[in-house]
Amino acid sequence: MAFAPLPPSTKSFLFLLFLIVRLPTLSHQQHIRLIHRDSPESPLFDSSATTPDKYWQRVHRRSVAYRDHFQAALEGRLQLLTVPLAAEFDVDAGFDQVGGEYLMEFTIGTPPVKVMGMLDVPGDFIWTQCVPCPNCTPSLGPLYDPSRSSTRSTFSCSSIECLGLQGHKCVGNDTCEYIRTNEYGVQTSGVLTSDVFTINGVAYTNMPFDCGSDNSFSTKPAVARVGLSGSDMFSLVFRFNSGPFAFSHCFRKDWENPSVPVGKTSQFFAPTLLGLGVGPVALNLTKELVGGDCSTVFTSSTPLTFLKRPLFNLVASKVREQANLPEAPHQPNDPWDLCFNGTENALDLLPPLEISFDGELALALSKAQIYAEVDGGRTCLLMAPTDGVNMFGTYMQMNRNFGYDLSSRDNYRLYFDLNQCD
């Protein structure tokens, strides 16, 4: 297992990032099974997009949507993403999936109401559609009705929780309502509520969440959004018992058992990309080429990996040189940047990649993490260029345990388990 210390300056660099889990020393451990959005178990499953070409087109569009959203967030220009563009994402790739690729099941209240929530790894709140909800988008299954739960309570306007909201107002009977504005300037509201959450049979009492009656945070059939780590008052992992600030995650490429063993976490960070090997060739990476220090992020919200454009062009050129398959001609309206004529059975004819970061942290990638047969007889590189930061997506994280030890506020550590994760 390899470790890398991260400089304190990176602790507050990114707010829109990652996936979570645990270390074995926690006083309380929770192992959450995740459901990939394209799994048949997911309410977002599209049976019309199960053929390889349609599936991979959606993966590419969804990844690009997140890349653009992420970069706009860093640059403070989210509202410049136009409504028509957002609508296009919604139709073609699911714009709401910008917030994540994975869902989780849990129940709220007494008696319990089953909820399917989209994970928002860096999210700072938990939200669900509630009854009544006259302006809510259509959803599957019953909504949580606070009036029918015997364990539900609200917060007073002078409570620490209410005052800790980004925006709130006081309504009748001293009840705190949250007010949120999404990235497109659409205001949403509801009652700040507390109730029992049950996850894997374990009940967590007094869980604060936004009980929405007028929302734009809906994720279509996924009626909730679960922020994991962005707020020590409202995010899920902070509601578990105190312990070392640590987490890990394991994604499986077959989607059967992706998981989030949850501990407790706080900030997000970005390691520095130091080395990249294509086959036997080690690339000469300069700070200008990789974007400087702390210019790489690991994300759970995009399947594909994005490299800064000059770096991507260099990697692609080396892959071309070493590939023992003919390069496929670029097709009209084809989103893929580099493809070869060959099936997944011919992956051995394409070069592997190895990536290293500061702190002697290195990761050798399997070819199934780098290439995929996106349609009949055409295998493509699961990367694309970006003009923003380097982003390592979920495919490059598949079948490895990625852990984050934040127990020391001045020396955060990232680890990779080089063995296949369970």
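Residues numbered from 1 in each chain as written. Predicted model: local features only at pLDDT ≥ 70, side-chain atom pairs only at ≥ 80, totals over all residues. Heavy atoms only, no water.

**Q** Report on the state of the cysteines, specifying residues and quantitative values.
**A** Within this structure, the stated rule accounts for four disulfides. Covalent S-S linkage joins Cys130 and Cys211, the inter-sulfur distance amounting to 2.1 Å. The disulfide joining Cys130 to Cys211 has a torsion of about -130° about its S-S bond and is therefore left-handed. Taken together, the residues span a long stretch of sequence, with Cys130 in the loop between β6 (126-129) and β7 (153-154) and Cys211 in strand β11 (residues 202-214) at a distance of 81 residues. An identical accessibility class is assigned to Cys130 and Cys211; each is buried. Across the disulfide, Cys157 is cross-linked to Cys170 (sulfur-sulfur distance 2.0 Å). With the S-S dihedral at roughly 90°, the linkage between Cys157 and Cys170 falls on the right-handed side. With Cys157 in the loop between β7 and α3 (160-163) and Cys170 in strand β8 (residues 168-171), this pair connects stretches of sequence that are 13 residues apart. (Disulfide = S-S within 2.5 Å. Helix = DSSP H or I, 4+ residues; strand = E, 2+ residues; numbered from the N terminus. Buried < 20%, exposed > 50% of the residue type's maximum accessible area, 1.4 Å probe, protein only.)

**Q** Lay out the environment of Ala49 in plain terms, naming residues and giving numbers.
**A** In this fold, Ala49 is placed in the loop between β3 (35-36) and α1 (52-75). Residue classification places Ala49 among the buried positions, given a relative accessible area of 9%. Ala49 sits 11 residues away from Asp38 along the chain, and the two C-alpha atoms are 9.1 Å apart. With residues up to four places along the chain from it excluded, the contact list for Ala49 reads Lys54, Tyr55 and Arg58. (Contact = heavy atoms within 4.5 Å.)

**Q** Requested: an account of the side chain of Lys367, with residues and values cited.
**A** Position of Lys367 among the secondary structure elements: in the loop between β21 (361-365) and β22 (371-375). Buried and unpaired, Lys367 has no salt bridge, with Asp348 as the nearest side chain of opposite charge at 4.3 Å. Residue contacts for Lys367: discarding those within four places in its chain leaves Leu347, Asp348, Leu349, Leu350, Pro351 and Pro352. (Lys, Arg positive; Asp, Glu negative; His and termini not counted. Salt bridge = Lys/Arg side-chain N within 4 Å of Asp/Glu carboxyl O.)

**Q** Account for the sheet that holds strand β23 (residues 378-381), naming residues and giving values.
**A** What links the strands of a sheet is backbone hydrogen bonding, and the strands pair in either a parallel or an antiparallel sense. The strand order β19-β23-β22 describes an open sheet built from three strands, whose pairing is antiparallel. Across the chains shown, the open sheet's two edge strands, defined by having one partner strand only, are β19 (339-341) and β22. Adjacent strand axes in the sheet meet at a mean angle of 35°, parallel and antiparallel pairs treated alike. Bridge analysis of β19 against β23 gives three bridges, and the strand direction is antiparallel. In the strand pairing of β23, Asn341 is matched with Arg378. (Pairing = 2+ DSSP bridges. Axes fitted to C-alpha atoms, helices over the stretch in contact; angles between N-to-C directions.)

**Q** Residues and numbers for the sheet that holds strand β20 (residues 353-357), please.
**A** Reading across the sheet, the four strands line up as β16-β15-β20-β21 and stay open at both edges, with antiparallel pairing between neighbours. One side of each edge strand has no neighbouring strand; the edge strands of this open sheet are β16 (281-282) and β21. When strand β15 (residues 273-278) meets β20, the two strands line up antiparallel, connected through five bridges. Considered in β20, the bridge of Gly275 is made with Ser356. Relative to the sheet, helix α5 (residues 309-322) contacts β15 and β16, its axis offset from that of β15 by approximately 20°.

**Q** Describe the environment of Phe155, and please don't skip the residues or the numbers.
**A** Within the element layout of this structure, Phe155 appears in the loop between β7 and α3. Taking the C-alpha atoms as reference points, Phe155 and Pro208, separated by 53 residues in sequence, lie 9.0 Å from one another. Not counting residues within four places of it along the chain, the set of residues in contact with Phe155 comprises Glu161, Asp174, Thr175, Cys176, Leu192, Thr193, Ser194 and Pro208.

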